[in-house]
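Observations on chain architecture
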Amino acid sequence: MPSILLGAAVDYNYLNSDSTYRETLKSNFSLLVPENDMKFAALEPAQGAFDFASGDALVNFAHSNGMWVRGHNLVWGEHLPDWLTQGKFNHDQVIAILKNHIETVVRHYRGNVISWDVVNEPFNGAHLRDTFWLRTIGPDYIAMAFTWAHEADPNAKLYLNDFGDDEIGPKFNAIYALATSLRQQHVPIDGIGMEMHIGFGAPANPHAVKVNMSRLKSAGLEVEVTELDVQIHNLPGSLQDKLNEQAAIYGEIATACRNAGNCDAFITWGLTDRHTWLTAILGHPDEPLLFDQNYHPKPAYFAVKAALYGSSTATVTATP
Ligand code: G3I
């Protein structure tokens, strides 16, 4: 495996319908992350009835093209099916549902998915987020989820994934405290995902990223950049200025990952500016990714390749 995998979030609908999307993906990335196709509602649309069709198609595409797969995600407060959230299940029933979901999904992909976002976005600031899981199970849902995932695939790396943990402050401190506490209790957590959707709040802070990665390393925890995208709409200057600034940000974060010693994946939340979740969220187009609307590599692409691999061409040195 190359020392740092370059990943992209991938949507089955685009993969299935767009040959340029497929070509760009397989030629430039070594890690595939399902953007939506392995979320709870996608995999278990009816209770106990699992639909692995899209997830399997993504895994098959990845493996046919020498790419690794990262699973996203097992437990999240969003993208949940109505049968679950409207089902009026009690505490013990929800535990049983979650256990069955994790065991079924992780066993299904055992050996084919190298890592999982086990618990996604569990924090709101320094406190556990008020989600369906917290309300029905209580805070122990986090330890339970990691334990069940590890039992189902002892070789998969298991992550807690969140946003805002690329800043120094109370949220990172709380995530760090939880992760180290879980470790002390022998709960099998391997690392922390730093999402990094840049452009919503504070500017990118590569110094904070370095500091936080280093703190995790000292605690024996791994880290991955899991959902990076960099909005340019509000950056100053001409389009070329914006693209250059975007490349600088991408390059600095990739350099932080490269130098951290505990960062083994650098993932962008999408592939092309043609298809980004931000269009729906922002209500206007932006250009947050490494490839433009026409699948041409942007300055940010070359900055990332240079930072991660020391050249503009990354090679995948081993296949899954
Ligand atoms: O597939 C249906 C389609 O059939 C339907 O016609 C359409 C109508 O709205 O919805 C489509 O589903 C949407 C799906 O994206 C695929 O495009 C959902 O409504 C929409 O909620 C969903 O949004 C995703 C969001 O997570 C919620 O799951 C985004 O694509 C995805 O980028 C986003 O990803 C999250 C990470 O999982 C966690 N971190 C934050 C990140 C960004 O919000």
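Read on for an overview of the structure. (Residues numbered from 1 in each chain as written. Predicted model: local features only at pLDDT ≥ 70, side-chain atom pairs only at ≥ 80, totals over all residues. Heavy atoms only, no water.)

For the ligand, the set of nearby residues contains 13 residues, the closest of which are Glu35, Lys39, His72, His79 and Glu121. In this structure, an oxygen atom belonging to the ligand sits 2.7 Å away from a side-chain N or O atom of His72. Contact with the protein chains hides 50% of the accessible area of the ligand, taken as 790 Å² for the molecule alone. Taken together, the residues that form the shell around the ligand break down as three nonpolar, five polar and five charged. (Near = heavy atom within 4 Å. Polar contact = N/O pair within 3.5 Å; in protein donor to acceptor, adjacent residues only side chain to side chain. Areas by Shrake-Rupley, 256 points an atom, 1.4 Å probe, with all protein chains shown as cover. Nonpolar A, V, L, I, M, F, W, Y, C, P; charged D, E, K, R; others polar.)

Moving on, we get to the packing of helix 10 (residues 206-218) against helix 11 (residues 239-260). Their axes nearest at 9 Å, the elements helix 10 and helix 11 cross at an angle of 20 degrees. Taken together, the axis directions place helix 10 and helix 11 in an arrangement best described as roughly parallel. Crossing angle aside, the handedness with which helix 10 passes helix 11 is right-handed. Residues Pro206, Val209, Lys210, Met213 and Lys217 of helix 10 lie in contact with helix 11, whose contacting residues are Glu252, Ala256, Cys257 and Ala260. In terms of residue class, the contact of helix 10 with helix 11 is made up of six nonpolar, no polar and three charged. (Axes fitted to C-alpha atoms, helices over the stretch in contact; angles between N-to-C directions. Helix = DSSP H or I, 4+ residues; strand = E, 2+ residues; numbered from the N terminus. Parallel < 35°, antiparallel > 145°, perpendicular 65-115°, else oblique. Left-handed = near helix turned anticlockwise from the far one by under 90°. Contact = heavy atoms within 4.5 Å.)

A few words now on the packing of aromatic side chains. The geometry of an aromatic ring pair is captured by two quantities: the separation of the ring centres and the angle between the planes. Counted under the stated rule, the structure contains 13 aromatic pairs. When the centroid spacing of 6.2 Å and the interplanar angle of 50 degrees are considered together, the rings of Phe40 and Trp83 count as tilted. Here Phe40, found in helix 3 (residues 40-43), pairs with Trp83, found in helix 5 (residues 82-85); they are 43 residues apart in sequence, far enough to count as distant. A ring pair is formed by Phe52 and Tyr109, whose centres lie 5.6 Å apart and whose planes are at 85 degrees; its orientation type is edge-to-face. In this pair, Phe52 is assigned in the loop between helix 3 and helix 4 (53-64) and Tyr109 in the loop between helix 6 (91-108) and strand 4 (115-120), connecting sequence segments 57 residues apart. For the pair formed by Phe52 and Tyr109, the shared burial category is buried. Among the aromatic side chains, those forming a connected cluster through ring pairs are Phe40, Trp83, Phe89, Phe132 and Trp133. (Phe/Tyr/Trp six-rings, centres within 6.5 Å; stacked < 30°, edge-to-face > 60°. Buried < 20%, exposed > 50% of the residue type's maximum accessible area, 1.4 Å probe, protein only.)

In terms of residue burial, strand 7 (residues 157-162) counts as a mostly covered element, since five of its six residues are buried. Where strand 4 and strand 7 come together, five bridges link them in parallel fashion. Paired with Trp116 across the bridge in strand 7 is Leu158. The sheet contact formed by strand 7 and strand 8 (residues 191-194) spans four bridges and is parallel. The partner of Asn161 across the bridge, within strand 8, is Gly193. Assessed by its sense of winding, the connection that carries the chain from strand 7 through helix 9 (residues 170-184) to strand 8 is right-handed. (Pairing = 2+ DSSP bridges. Right-handed = clockwise from strand over helix to strand, strands pointing away.)

In terms of backbone geometry, most residues other than glycine have negative phi values and most peptide bonds are trans. The linkage connecting His72 with the following residue, Asn73, adopts the cis geometry, with an omega of -10 degrees. For Asn73, the location among the structural elements is in strand 3 (residues 68-75). Positive phi, close to 55 degrees, is recorded for Lys88, a residue that is not glycine. When you line up the elements, Lys88 lands in the loop between helix 5 and helix 6. Owing to a relative accessible area of 78%, Lys88 belongs among the exposed residues under this scheme. One non-glycine residue, His186, lies in the positive phi region at around 65 degrees. Checked against the element boundaries, His186 lands in the loop between helix 9 and strand 8. Take His186: its relative accessible area is 71%, and that puts it in the exposed class.

Moving on, we get to the nonpolar core. Among the nonpolar cores identified, the biggest contains 90 residues, and Leu25, Trp116, Trp133 and Phe266 are the most heavily contacted of them. Broken down by element, this core gets its largest block of residues, eight residues, from helix 11. Setting aside chain neighbours within four positions, we find Trp116 in contact with Met38, Gly71, His72, Leu74, Val105, Val106, Tyr109, Ala156, Lys157, Leu158 and Tyr159. (Core = buried A, V, L, I, M, F, W, Y, C linked by side-chain atoms within 4.5 Å.)

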